[in-house]
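Understanding the architecture of this molecule
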Amino acid sequence: MSEQRDIFLVCDAIGGPDDGRRDLHRLGELLASSGHRVRLIAVRAGGDRPEPAFETTVLTARLRFRGGGRVISRLGEIFRSARPGGVVIVTHPAAMEWVGRADTAGLKVVGVHRVPHAVAETKPGYAQVLRDFARADRFLALTREDADGWARAGLSNADVIPDWFDTGAPEQAEPAPATGQVVLGPSVLTHDKGVDMLLESWAVVARRQPSWRLRFHGTGPEEPRLRRMAAELGVDDSVEFHPAAQDPETTLSEASIVALPSREEVFPEALLAAMGHGLPVVAFDCSPAVREVLTGEVDGLLVDPGHTEQFALALELLMTDEGLRDKLGRGARESVRRFSSENISARWNRLFTLLFR
């Protein structure tokens, strides 16, 4: 059992569409499950109040405010209530600015930034991220590649702890044999998920493998266009569009291959879910997170971004080689255990221990 600590999870705004509410709650729940006392602190309100499983404090109800002396004072007051060994985790540069001005004596401050470094350095707030998170005792990215990028940019405190994902597949049960002739595509039909590129790839392979089906369970703004595209490519008879699955495990059990044609991914949960069920994945090498999760020819197949013909060839290789599907599926099931809640929680606890040595 790890040492119980007071954990203050500080964000800029709570509520609203862009506050990363789900990610904050998942992190808080993970830490709370380790026995820590978690408290969520939002500097300001920002829409509907969520209902997390832990105590929540909003420092000001105003979306915009000047000065901030009362906010800084209140933050310091909250932090002083911590028992020895307390940790402040900050998930937004604006929140880090406030924490950096508050009294954090006796506490350790950890910054978390989910945006890939290559994306962040193109954004207007990049300089603020570098300036404010340099004050943290540790700055965490989701992948080693991103942590190295931040370190090269000047954040010598950069480190990595990925997100966690429990697949839902029984830990001891053997995966079902991947013998059904179904390729499962993304469940979110948006431009970023690259379904249009997958359809282009499918048009190449479907003619040579007519007994296979490409199946989608989900919706999105691109669905009407994608249906038209499938018809124009002449593959609508082998492409199936279904509503969102009520039972994702059953959906995965009916497939033999999962396709991840995304143009970008921050943390590819669909990839992890497939791997946890022992399914081989064909994915575009579109982001550090995909490269962190998937090792080509060990637990899946990686394809150069945007190369639809290569993607088609990778799909066909798996379609025609049941032994390879089985090998990669077993590798995937073993590899994905790195991202279990148990393992990621242990990494957080090791970090806390290291910070207080």
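For the structure, check the block above.
Please read these numbers as outputs of a predicted model, since none were measured by experiment.

Here is what the cut-offs are and how they apply
Residues numbered from 1 in each chain as written. Predicted model: local features only at pLDDT ≥ 70, side-chain atom pairs only at ≥ 80, totals over all residues. Heavy atoms only, no water. Helix = DSSP H or I, 4+ residues; strand = E, 2+ residues; numbered from the N terminus. Rg over C-alpha atoms; globule rule 2.2 N^0.38 Å. Contact = heavy atoms within 4.5 Å. Lys, Arg positive; Asp, Glu negative; His and termini not counted. Charge placed at Lys NZ, Arg CZ, Asp CG, Glu CD. Pairing = 2+ DSSP bridges. Axes fitted to C-alpha atoms, helices over the stretch in contact; angles between N-to-C directions. Phe/Tyr/Trp six-rings, centres within 6.5 Å; stacked < 30°, edge-to-face > 60°. Lys NZ or Arg CZ within 6 Å of the ring centre and 35° of its normal. Buried < 20%, exposed > 50% of the residue type's maximum accessible area, 1.4 Å probe, protein only. Salt bridge = Lys/Arg side-chain N within 4 Å of Asp/Glu carboxyl O. Left-handed = near helix turned anticlockwise from the far one by under 90°. Nonpolar A, V, L, I, M, F, W, Y, C, P; charged D, E, K, R; others polar. Arc of directions from axis to C-beta. Core = buried A, V, L, I, M, F, W, Y, C linked by side-chain atoms within 4.5 Å.

1. What to know about the overall build of the chain
- Counting secondary structure elements, the chain contains 14 helices and 13 strands.
- Compactness check: the chain gives a C-alpha radius of gyration of 22 Å against a globular reference of 21 Å for 357 residues, within 12% of the reference.
- In terms of overall dimensions, the chain has a C-alpha envelope of 70 × 40 × 40 Å along the principal axes.
- Excluding contacts between residues fewer than 6 apart, the proportion of contacts in the chain whose partners are at least 24 apart in sequence is 68%.
- Distance between charge centroids for the chain: 8 Å, based on 43 positive and 51 negative side chains.

2. Some points on the sheet that holds strand β2 (residues 37-45)
- The strand order across the open sheet formed by 7 strands is β3-β2-β1-β4-β5-β6-β7, and the pairing between neighbours is parallel. For this open sheet the edge positions go to β3 (55-60) and β7 (158-160), each flanked by a neighbour on one side alone. Ignoring strand direction, the axes of neighbouring strands in this sheet form an average angle of 25 degrees.
- Packing of helix α3 (residues 93-101) onto the sheet brings it into contact with β1 (6-14), β2, β4 (87-90) and β5 (108-112), and relative to β1 it is tilted by some 125 degrees.

3. Some words on the packing of aromatic side chains
- A complete count under the given rule lists 7 aromatic pairs for this structure.
- An aromatic cluster of at least three residues, connected via ring pairs, comprises Tyr126, Phe133, Phe139 and Trp150.
- Here the guanidinium or amino end of Arg26 rests over the ring plane of Trp164, the centre of that ring lying 4.2 Å away.

4. A look at unusual backbone geometry
- Of note in the backbone geometry, Glu297 takes a positive phi value of approximately 70 degrees without being a glycine.
- Within the secondary structure, Glu297 sits in the loop between α11 (288-293) and β13 (301-303).
- Of the residues examined, Glu297 reaches a relative accessible area of 60% and is grouped as exposed.

5. Details of the pairing of strand β10 (residues 239-242)
- Burial along β10 is one-sided: the residues Val239 and Phe241 are buried and none of Glu240 and His242 is.
- Strand direction decides the pairing type here: strand β9 (residues 213-217) and β10, joined by 4 bridges, are parallel. Directly across from Leu214, in β10, lies its bridge partner Val239.

6. Some points on the pattern of salt bridges
- This structure, assessed with the given rule, holds 26 salt bridges.
- The partner of Arg37 in a salt bridge is Asp6, and the shortest N-O contact between them spans 2.7 Å. Taken together, the positions of Arg37 in strand β2 and Asp6 in strand β1 put the pair 31 residues apart, joining distant regions of the chain.
- Judged by relative accessible area, which is 47%, Arg37 ranks as partly exposed.
- Residue Glu77 pairs with Arg74 through a salt bridge whose shortest N-O separation is 3.0 Å. With a gap of 3 residues between them, Glu77 and Arg74 both fall in helix α2 (residues 69-79), about one helical turn apart.
- Each of Arg138, Arg144, Asp148 and Asp159 takes part in one network of salt bridges that share partners.

7. Considerations on the side chain of Arg26
- Residue position: Arg26 is located in helix α1 (residues 21-33).
- No salt bridge is formed by the buried Arg26; its nearest oppositely charged neighbour, Glu269, is found at 4.5 Å.
- Not counting residues up to four positions away in its chain, the partners in contact with Arg26 are Asp163, Trp164, Phe165 and Glu269.

8. With respect to the packing of α3 against helix α5 (residues 126-133)
- Contact pair α3 / α5: the axes reach a minimum separation of 9 Å and the direction vectors enclose 30 degrees. The crossing of α3 and α5 is left-handed. Side by side, α3 and α5 meet where Pro93, Ala94, Met96 and Glu97 of the first sit next to Gln128, Val129, Asp132 and Phe133 of the second.
- Residues that form the contact of α3 with α5 fall into these classes: 5 nonpolar, 1 polar and 2 charged.

9. A few points about the sheet that holds strand β11 (residues 257-260)
- With parallel pairing, the 6 strands of this open sheet are ordered in space as β10-β9-β8-β11-β12-β13. Each edge of the sheet is formed by a strand with only one pairing partner; in this case those strands are β10 and β13. For this sheet, the mean inter-axis angle between neighbouring strands, taken without regard to orientation, is 25 degrees.

10. Brief notes about the environment of Arg337
- With respect to the element layout, Arg337 can be found in the loop between α13 (322-335) and α14 (341-355).
- For Arg337, a relative accessible area of 32% corresponds to the partly exposed category.
- Spatially, the C-alpha atoms of Arg337 and His307 are 30 Å apart, while their sequence positions differ by 30 residues.

11. So, α3
- If you check which residues of α3 are buried, you get Pro93, Ala94, Ala95, Met96, Trp98 and Val99.
- Contacts made by the buried residues of α3 are with β1, β2, α2, β4, β5 and α5.

12. Considering helix α8 (residues 223-232)
- All of the buried residues along α8 are Glu223, Leu226, Met229 and Ala230. Summarising the axial view, the buried residues of α8 lie within an arc of 120 degrees, below the 170-degree limit, and thus occupy one face.
- Looking at the buried residues of α8, the elements they touch are α7 (195-205) and β10.

13. Digging into the nonpolar core
- Membership of the largest hydrophobic core comes to 56 residues, with the highest contact counts inside it found for Val183, Trp202, Phe216, Val282 and Leu315.
- Those residues within four positions of Leu315 in sequence are excluded, and the remaining contacts are Val183, Leu198, Trp202, Ile257, Ala259 and Val282.
- Ranked by size, the runner-up nonpolar core spans 32 residues in total, among them Val10, Val71, Val90 and Ala120.

Read these as layout, nothing more, since geometry by itself doesn't imply function.
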